[in-house]
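Overview (structure and organization)
Chain by chain, the residues run as shown.
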Amino acid sequence: MDQQIKRGLLDVCVLAAIRSADSYGYQIIRDMRPYVDISESTLYPILRRLEEAGQLTVRSAEHNGRLRKYYSITPAGRKRLDDFTSDWQEITAIWQFITKGAQNHDQT
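Let us look at the structure shown here. (Residues numbered from 1 in each chain as written. Predicted model: local features only at pLDDT ≥ 70, side-chain atom pairs only at ≥ 80, totals over all residues. Heavy atoms only, no water.)

On to the overall build of the chain. Summing up its helical and strand segments, the chain has four helices and two strands in all. Going from the N terminus to the C terminus, the chain shows its helices and strands as α-α-α-β-β-α. For the chain, the C-alpha radius of gyration of 17 Å lies well beyond 13 Å, the compact-globule estimate for 108 residues. Each of the three principal axes of the chain carries a C-alpha extent, and together these read 70 × 25 × 20 Å. In the chain, which comprises 108 residues, the share counted as buried stands at 26%. Across the chain, the fraction of contacts at a sequence separation of at least 24, relative to all contacts at a separation of at least 6, is 49%. Averaged over its 15 positive side-chain charges, the chain has a centre that lies 5 Å from the centre of its 14 negative ones. (Helix = DSSP H or I, 4+ residues; strand = E, 2+ residues; numbered from the N terminus. Rg over C-alpha atoms; globule rule 2.2 N^0.38 Å. Buried < 20%, exposed > 50% of the residue type's maximum accessible area, 1.4 Å probe, protein only. Contact = heavy atoms within 4.5 Å. Lys, Arg positive; Asp, Glu negative; His and termini not counted. Charge placed at Lys NZ, Arg CZ, Asp CG, Glu CD.)

Structure follows, in structure tokens:
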């Protein structure tokens, strides 16, 4: 898969993982695991990038005597999710065209 496409998809997956409730790194990985394999070394740069883009915020809170960072989606992050949903409809149409073209070509 093209790295830029994968990067964009992972960004949106992280936003989707925190859209309904604040979450922390390990929980985000666990929530995403059934759908996509992501490691801590991949997740944390994504979280920093999304924070720098204003699509999420971070706060620290104590948990079992340790500080834990909790991430929250912002209105800009929600907009990115909405935009992705709209874009995905276009991508689906393109995919259907490509696969239909391949099927028609195979039949000739």
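Time to look at the environment of N64. Take N64: it is sitting in the loop between β1 (56-63) and β2 (66-73). Of note is the side chain of N64, whose polar atom sits 3.3 Å from the side chain of H63. (Polar contact = N/O pair within 3.5 Å; in protein donor to acceptor, adjacent residues only side chain to side chain.)

What follows covers the layout of surface pockets. Considering only enclosed or pocket space, the largest pocket measures out at about 290 Å³ in volume. Taken together, 15 residues form the lining of the largest pocket, with G25, Y44, L67, R68 and K69 sitting closest to its centre. Broken down by secondary-structure element, the contributors of at least two residues to the lining of the largest pocket are α2 (25-32), α3 (40-52), β1 and β2. Counting residues per element, the lining of the largest pocket draws most heavily on β2, which supplies five residues. Looking at the lining of the largest pocket residue by residue, the class counts come to seven nonpolar, three polar and five charged. (1 Å grid on protein atoms, 1.4 Å probe; cavity = no way out; pocket = protein on both sides within 12 Å on 5 of 7 lines; lining within 4 Å. Points joined across faces, edges and corners; volume = space filled by probe spheres on them. Nonpolar A, V, L, I, M, F, W, Y, C, P; charged D, E, K, R; others polar.)

All right, on to α3 then. The terminal C-alpha atoms of α3 lie 18 Å apart, and with 13 residues this matches the ideal 18 Å at 1.5 Å per residue to within 8%. Inspection of α3 places L43, I46, L47 and L50 among the buried residues, and these make up the whole buried set. The arc that holds the buried residues of α3, viewed along the axis, is 105°, so those residues lie on one side. The exposed residues of α3 that point more than 90 degrees off its buried face are S41 and E52. Count one or two residues on from α3 and you reach G54, which has phi positive near 75°. (Expected span 1.5 Å × (residues − 1). Arc of directions from axis to C-beta.)

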